[in-house]
Amino acid sequence: MINNRDNSGTGLSTVITLPDQLAAVLKAARLASGLSQDALAARIGTTQRVISQLENEPEGRTLATLFRALSGLGLELRVAARPSDVGPADPDTW
C-alpha cells in the first residue's frame, strides 16, 4: 500500500508496506535529485551495483545499505502504527 502524505513540506511522504514499494520510492527520489546510480553510490561509499540491487532486488539488501541510501538522498525512515482498519501486512507477499 502506498499512500502519499506530505507533512514535512518536502513534497515526498509515502506509506510503504512492501520492499518493492520502498525500492520504487528510492529510485524516484534518486531520479528527482538528478543523481545517477553511480553518483548516489559515490555519495554513500558503495558501488553502482549495490544501488541497482537496492532498486531492483530490495529483499537482498542490508538495513545499513538502506539507511545509507536514505541519508544520501536526504530522506529518513519513520515508523508508525498501522490504522486498525488496514490489518497486518502479510510477509508471504514480500
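Heads up: these notes are all about the structure in this document. (Residues numbered from 1 in each chain as written. Predicted model: local features only at pLDDT ≥ 70, side-chain atom pairs only at ≥ 80, totals over all residues. Heavy atoms only, no water.)

Tracing the backbone through its elements, the reader meets Val 79 in the segment after helix H4 (63-72). Assessed through its relative accessible area of 78%, Val 79 is described here as exposed. (Helix = DSSP H or I, 4+ residues; strand = E, 2+ residues; numbered from the N terminus. Buried < 20%, exposed > 50% of the residue type's maximum accessible area, 1.4 Å probe, protein only.)

Let's shift gears to the packing of helix H2 (residues 37-44) against H4. Between H2 and H4, the shortest axis-to-axis distance is 9 Å and the interhelical angle comes to 105°. Relative to H4, the element H2 lies roughly perpendicular. Contact residues: H2 offers Leu 40, Arg 43 and Ile 44, while H4 offers Arg 68, Ala 69 and Gly 72. A class-by-class count of the residues in the contact of H2 with H4 yields 3 nonpolar, 1 polar and 2 charged. (Axes fitted to C-alpha atoms, helices over the stretch in contact; angles between N-to-C directions. Parallel < 35°, antiparallel > 145°, perpendicular 65-115°, else oblique. Contact = heavy atoms within 4.5 Å. Nonpolar A, V, L, I, M, F, W, Y, C, P; charged D, E, K, R; others polar.)

It is worth spelling out the packing of H2 against helix H3 (residues 48-56) at this point. At a closest axis distance of 8 Å, the pairing of H2 and H3 adopts a crossing angle of 110°. Looking at the two axes, H2 sits roughly perpendicular to H3. Between H2, through Gln 37, Asp 38, Leu 40, Ala 41 and Ile 44, and H3, the contact on the second element is made entirely by Gln 48, Ile 51, Ser 52 and Glu 55. Residues belonging to the contact of H2 with H3 are distributed by class as follows: 4 nonpolar, 3 polar and 2 charged.

This part covers the pattern of salt bridges. Evaluated as defined, the whole model comprises 2 salt bridges. With a shortest N-O distance of 2.4 Å, Glu 76 and Arg 78 are connected by a salt bridge. Grouping residues by exposure puts Glu 76 and Arg 78 together as exposed. (Salt bridge = Lys/Arg side-chain N within 4 Å of Asp/Glu carboxyl O.)

The subject of this paragraph is the nonpolar core. Core analysis: the largest hydrophobic core is formed by 12 residues, namely Leu 26, Ala 29, Leu 35, Leu 40, Ala 41, Ile 44, Ile 51, Leu 54, Leu 66, Ala 69, Leu 70 and Leu 73. Of all the secondary structure elements, the ones that give two or more residues to this core are helix H1 (19-32), H2, H3 and H4. Aside from chain neighbours lying at most four places away, what touches Ala 41 is Thr 46, Thr 47, Gln 48 and Ile 51. (Core = buried A, V, L, I, M, F, W, Y, C linked by side-chain atoms within 4.5 Å.)

Moving on, we come to H4. Listing the buried residues of H4 in full gives Thr 65, Leu 66, Ala 69, Leu 70 and Gly 72. Considered in projection along H4, the buried side chains sweep an arc of 165° and stay on one side of the axis. Facing away from the buried surface of H4 by more than 90 degrees, the exposed residues are Leu 63 and Ser 71. On its buried face, H4 sits against H1, H2 and H3. Following H4 by one or two positions, Gly 74 adopts a phi angle in the positive range, close to 70°. (Arc of directions from axis to C-beta.)

We now examine H3. Within the span of H3, buried status applies to Val 50, Ile 51, Gln 53, Leu 54 and Glu 55. Turning to H3, the residues buried within the fold contact H1, H2 and H4.

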